[in-house]
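What the coordinates show
Here is how the chains run, residue by residue.
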Amino acid sequence: MKPMGPIPPWFGAEEGMLLIGGCGAASLVDEAGDTPLFVYDMGIVEATVRRLRDAMPHQLGIHYAIKANPYVPLLARMTGLVDGFDVASGGEAARALEAGMPADRISFAGPGKRDDELRFAIESGVTLNLESEGEGARAIAIANRVGKTPRLAVRVNPDFDLRGSGMRMGGGAKPFGVDAERAAALARAMVDAGADWRGWHIFAGSQALDPAAIIETQAATIALAARLSDAVGQAPPLVNLGGGFGVPYFPGDERLDIRPIGAALDSALEHRPDILKDSHFALELGRWLVAEAGVYLTRVVDVKQSQGETFVVVDGGLHHQLAASGNFGTVVRRNYPLAIANRFDTAAPAPDPVTVVGCLCTPLDRLGDKVALPPATPGDLIAIFLAGAYGASASPAAFLGHSPPRELLIG
Ligand SMILES: *Cc1c(COP(=O)(O)O)cnc(C)c1O
């Protein structure tokens, strides 16, 4: 048997049925029409944002990196909950605007922005987080052509990274941002070219579960922003501190304690260098805001034996929830938390572990490897937790021609 990650603390059961936002999983499937289905509980997202605001300094802006979950009804609700959206493509910028987020609260990062994306951002008033000198020059040329003052921030490739982060985004050679030693010169050139310089974007990593590592990175980020601003000779309107807050996906992972992070940030902001005294500060978080709010529900199609092993075959798979199969940014495959939704309060698992596989004809499509579950039969619903981030939009839905997943926002 192999262990699973911890089920987030938001879910209960009624007569054996998993409750999501107080609704039974089977009735949610009925409401959506069929499986496979992603359910997102807005009540969990709201509680999560509240917890964050309670823990963080009151002046800190909370931005949502919409690539974690760009489902339109969810974005529309997020617009009223957070202070800004961070987008990573022209398509996401359009979605953010459609969701009602004002352009001056949207920033656009990404290493390969095309001219038409730069133009769209400049014309709509979205801030571009510049990833290179070349992109800065293109943005200025396009802005001159369309007769608009571009809103430009500089994304910095910091000279440090977020310790213990699942995905390193800074430190060393990177395709993201401009190396710290060249960032001030780029900002200066943009100011001199007449741009509306918005400040710094410094994102050092993702999926960290150690508060000390995040505290250390935020302190280094503030110090770097001050050093660069001194070199530019101008105060940055905004310092985007990045994010990196992780969620516990795997056995042994513990929930990130955000209170010490908030306390340390409060003190770091209080003692910040003079050049930053009028600057705004923001965190940009993706998965931490939405991952726990999502459950992927998929139905058991077949239960079969092979050489003494039991395989539970479901109608979903990695084409919808790639991350749970271990093929999205993890080196070693480990089990996400999962359960039989219609036997959620059955304490006794089957005596032998089972392997839950998706319906794709590839050995990669493994959603639960040798896990302890109650006995499963065709028709049962399997729930895979932590499906609110990097699920539907981060999975190869076109692979093998199965139907796309359904999505449902509740709460
Ligand atoms: C992906 C990304 C995020 C969100 O990361 P999470 O781990 O989901 O919080 C934030 N900022 C940038 C620049 C990103 O590329």
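Scroll up to find the structure.
Calculation notes
- Residues numbered from 1 in each chain as written.
- Predicted model: local features only at pLDDT ≥ 70, side-chain atom pairs only at ≥ 80, totals over all residues.
- Heavy atoms only, no water.
- Helix = DSSP H or I, 4+ residues; strand = E, 2+ residues; numbered from the N terminus.
- Buried < 20%, exposed > 50% of the residue type's maximum accessible area, 1.4 Å probe, protein only.
- Contact = heavy atoms within 4.5 Å.
- Areas by Shrake-Rupley, 256 points an atom, 1.4 Å probe, with all protein chains shown as cover.
- Pairing = 2+ DSSP bridges.
- Right-handed = clockwise from strand over helix to strand, strands pointing away.
- Arc of directions from axis to C-beta.
- Near = heavy atom within 4 Å.
- Polar contact = N/O pair within 3.5 Å; in protein donor to acceptor, adjacent residues only side chain to side chain.
- Nonpolar A, V, L, I, M, F, W, Y, C, P; charged D, E, K, R; others polar.

Examining the overall build of the chain
- Of the regular secondary structure elements, the chain holds ten helices and 22 strands.
- With the C-alpha coordinates of the chain rotated into their principal frame, the extents come out at 70 × 45 × 35 Å.
- Across the 411 residues that make up the chain, the buried fraction comes to 55%.
- Here the analysis covers contacts within the chain between residues at least 6 apart in sequence; of these, 74% occur between residues at least 24 apart.
- As displayed, the chain offers around 16,300 Å² of accessible surface, 52% of which is attributable to carbon and sulfur atoms.

Overview of the pairing of strand β9 (residues 151–157)
- With seven of seven residues buried, β9 lies mostly within the body of the structure.
- Burial along β9 is two-sided: Arg151, Ala153, Arg155 and Asn157 facing one way and Leu152, Val154 and Val156 facing the other are all buried.
- Direction of pairing for strand β8 (residues 127–130) relative to β9: parallel, over a ladder of three bridges. Bridging across to β9, leucine 130 finds its partner in valine 154.
- One crossover worth recording links β8 to the parallel β9 by way of helix α6 (residues 133–146), and it is right-handed.
- The pairing of β9 with strand β12 (residues 196–202) spans six bridges and is parallel. Of the residues in β12, the one forming a bridge with valine 154 is tryptophan 200.
- Here β9 runs beside strand β11 (residues 178–179); their pairing, made up of two bridges, is parallel.

Points about helix α1 (residues 25–32)
- Those residues of α1 that sit buried are Ala25, Leu28, Val29 and Ala32. Down the axis of α1, the buried side of the element spans an arc of 100°, and every buried residue falls inside it. With respect to the buried face of α1, the exposed residues turned more than 90 degrees away are Asp30 and Glu31.

Details of the sheet that holds strand β1 (residues 12–14)
- With antiparallel pairing, the three strands of this open sheet are ordered in space as β1-β2-β3. Two strands in the sheet have a free side with no partner beyond their single neighbour: β1 and β3 (23–24).

As for the site of the ligand
- Not every one of the twelve residues close to the ligand is listed here, only the nearest: Lys67, Ser206, Glu284, Arg287 and Tyr390.
- The contact in question runs from an oxygen atom of the ligand to an N or O atom on the side chain of serine 206, over 2.4 Å.
- One of the backbone N or O atoms of arginine 287 is found 2.8 Å from an oxygen atom in the ligand.
- Counted by class, the shell around the ligand contains five nonpolar, three polar and four charged residues.

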